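# A structural walkthrough
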Amino acid sequence: MDRHELAQFLRVRRERLAPATAGLPVDGPRRTPGLRREEVARLAHISTQHYTRLEQARGSRPSRTVLQAISRALRLTDAERAHLFTLAGEALGTPPGPRADVPDNVLELIDRLPGTAAIVMDAKYDVLAWNPLAAALFEDFSASPGRTRNLIHRYFLHPDPAQRHYGMSHGEEFARFAAGHLRAAAARYPDDEPIRDLVRELLRDSPEFAALWPGHDVYDTKHLVKTVDHPVVGRMSLVCDVLTVPDRDQHLILFTAEPGSPAEESLRLLSVIGLQHMGAEG
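The rules behind these values
What you see as residue numbers is a count from 1 along each chain, following the sequence as written. Under the rules for a predicted model, residues below a pLDDT of 70 receive no local features and side-chain atom pairs below 80 are neither given nor counted, while totals for whole chains, interfaces and linings still include all residues. As a convention, hydrogens and water are excluded, and side-chain values are obtained from all of the structure's heavy atoms. Numbering of helices and strands starts at the N terminus; helices are DSSP runs of H or I of at least 4 residues and strands are runs of E of at least 2. Three exposure classes are used, based on accessible area relative to the maximum for each residue type with a 1.4 Å probe and protein chains only: buried under 20%, partly exposed in between, and exposed over 50%. The accessible surface values rely on the Shrake-Rupley method and a 1.4 Å probe; as for residues, cover is taken only from the protein chains in view. Charge assignment: positive for Lys and Arg, negative for Asp and Glu; neither His nor the chain ends contribute. The atom standing in for a charge is NZ when the residue is Lys, CZ when it is Arg, CG when it is Asp and CD when it is Glu. Strand pairing is defined by DSSP finding a minimum of two bridges between the two strands. Only the stretch in contact is used when a helix axis is fitted, and all axes are lines through C-alpha atoms; the angle between N-to-C directions ranges over 0 to 180 degrees. Only buried residues count toward a nonpolar core, which is a set of Ala, Val, Leu, Ile, Met, Phe, Trp, Tyr and Cys residues joined through side-chain atoms within 4.5 Å. Only heavy atoms matter for contacts: two residues are in contact if any of them lie within 4.5 Å across the pair. Only centres within 6.5 Å qualify two rings of Phe, Tyr or Trp (six-membered ring in Trp) as a pair; their planes then separate them into stacked at under 30 degrees, edge-to-face at over 60, and tilted for everything else. Geometrically, a charge over a ring is one whose NZ (Lys) or CZ (Arg) sits within 6 Å of the ring centre while staying within 35 degrees of the ring normal. By definition, a salt bridge exists where a carboxyl oxygen of Asp or Glu is found within 4 Å of a side-chain nitrogen of Lys or Arg. By the criterion applied in these results, polar contacts are pairs of N or O atoms within 3.5 Å in which, for protein atoms, one can donate a hydrogen and the other can accept it, and in which residues neighboring in sequence qualify only through two side-chain atoms. This arc is built from the directions going out from the helix axis to the C-beta atoms.

### So, the overall build of the protein chain
A count of helical and extended segments in the protein chain gives twelve helices and five strands. Based on the C-alpha atoms only, the size of the protein chain along its principal axes is roughly 65 × 45 × 30 Å. Looking at the protein chain residue by residue over its 282 residues, the buried ones come to 46%. In the structure as shown, the protein chain presents an accessible area of about 14300 Å², 53% of it carried by carbon and sulfur atoms. Across the protein chain, 35 positive and 38 negative side-chain charges occur, with their mean positions spaced 8 Å apart.

### So, the sheet that holds strand E3 (residues 223–230)
Overall, antiparallel pairing links the five strands, which are arranged E2-E1-E5-E4-E3 in an open sheet. For this open sheet the edge positions go to strand E2 (127–130) and E3, each flanked by a neighbour on one side alone. In this sheet, neighbouring strand axes are inclined to one another by 30 degrees on average, regardless of whether the strands run parallel or antiparallel. Strand direction decides the pairing type here: strand E1 (residues 117–121) and E2, joined by three bridges, are antiparallel.

### Things to note about the nonpolar core
Membership of the largest hydrophobic core comes to 45 residues, with the highest contact counts inside it found for Leu-137, Leu-151, Leu-182, Met-236, Leu-238 and Phe-255. Element by element, the count of residues in this core is highest for helix H9 (residues 171–188), at seven residues. Setting aside residues up to four positions removed in sequence, Leu-238 forms contacts with Leu-137, Leu-224, Val-225, Lys-226, Val-228, Phe-255, Thr-256, Ala-257, Ala-263 and Leu-267.

### Topic: the packing of aromatic side chains
Going through the model one piece at a time under the given rule, you end up with ten aromatic pairs. Measuring from centroid to centroid gives 5.2 Å for Tyr-155 and Phe-156, while their planes differ by 85 degrees, and the two rings are edge-to-face. Considered together, Tyr-155 and Phe-156 belong to a single accessibility category, that of buried residues. Following the ring pairs from residue to residue traces out a cluster consisting of Tyr-125, Tyr-155, Phe-156, Phe-174, Phe-177, Phe-209 and Trp-213. Between the NZ or CZ atom of Arg-164 and the centre of the ring of Tyr-155, over which it lies, the distance is 3.9 Å. For the cation-ring pair, Arg-183 lies above Trp-213, with the distance from its terminal atom to the ring centre recorded as 4.0 Å.

### Some points on the pairing of E1
Within a regular strand, the side chains alternate between the two sheet faces. E1 sits mainly inside the fold: five of its five residues count as buried. Because side chains alternate across E1, one face comprises the buried residues Ala-117, Ile-119 and Met-121, and the other comprises Ala-118 and Val-120, equally buried. Two elements, E1 and strand E5 (residues 250–256), share five bridges in a ladder whose sense is antiparallel. Across the sheet, Ala-118 pairs through a bridge with Leu-254, a residue of E5. Once E1 ends, the chain turns through five residues before running back antiparallel as E2, passing Tyr-125 with a positive phi of about 75 degrees.

### Concerning the pattern of salt bridges
In the structure shown here, the tally under the stated rule is 19 salt bridges. Across the pair Glu-39 and Arg-36 runs a salt bridge, and its minimum N-O distance is 3.3 Å.

### A look at the side chain of Glu-55
Looking at the secondary structure, you find Glu-55 in helix H3 (residues 48–55). At 3.0 Å, the side chain of Glu-55 and the side chain of Arg-37 are in polar contact. Non-local contacts of Glu-55, meaning those with residues more than four positions away in its chain, are made with Ala-7, Leu-10, Arg-11, Arg-14 and Arg-37.

### Describing H3
Buried within H3 we find Tyr-51, Thr-52, Leu-54 and Glu-55. For H3, the arc enclosing every buried residue in end-on projection is 160 degrees, short of the 170-degree limit, so these residues lie on one face. At its buried positions, H3 is contacted by helix H1 (3–16), helix H2 (37–44) and helix H4 (64–73). Where H3 ends, the next residue or the one after it, Ala-57, has phi of about 60 degrees, a positive value.

Now the structure itself:
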């Protein structure tokens, strides 16, 4: 453990983090930029004395749990988090499984996109978060328990072929991408039981997935135009963009329409209708 380097690193990161970025109110002038020590401690759920001693190079070696909490409080990137662990004399290691905690700023972002259908998925394509328009466009995900909220499971094992991809085009392309993406996730998280269970189930019950799995193909799709055949507003052409959520191994999927297009009007209608039409769908 390099106490002095650790202390300097924590101080610099703290002073560079604006209160608003950390979700804290700006309560007047501050003697130094960034957060106060007690604010970092509160965000990390540790004592102010413990954190202060670390910044003063007088603290005992922090546990991995404390290091993880501090890295979240300071909004560290993956590289910064790895550096924090190195300075504290800890090997970062590989997380046991995909993270399910969606950052607050991402949740706030998708709620501020009323004209965009947005969902957040983890590395194995479990849907973690969504906005109202996404629920109206696809399904009420809150009513889908457990494995049924996984888009890869839905695609390969849904009993209705017309509904397994929510009426979207490019189903075969999604199948190839999904199989490759799940293989990459399985390699990143070799000890994650939910991923292993999902792969075993798909190999057992989906001949289509079983045929794709041995290919070891890994794809990187960021931008597509998809045709969606919606049961209420009909067919529309939507732009699908895939963004990476930093530090989480998650993806933010955005469905938008060209300005002034009939699809934009259809999305606007869906945002008004909401989930009223979803009773028998899914």
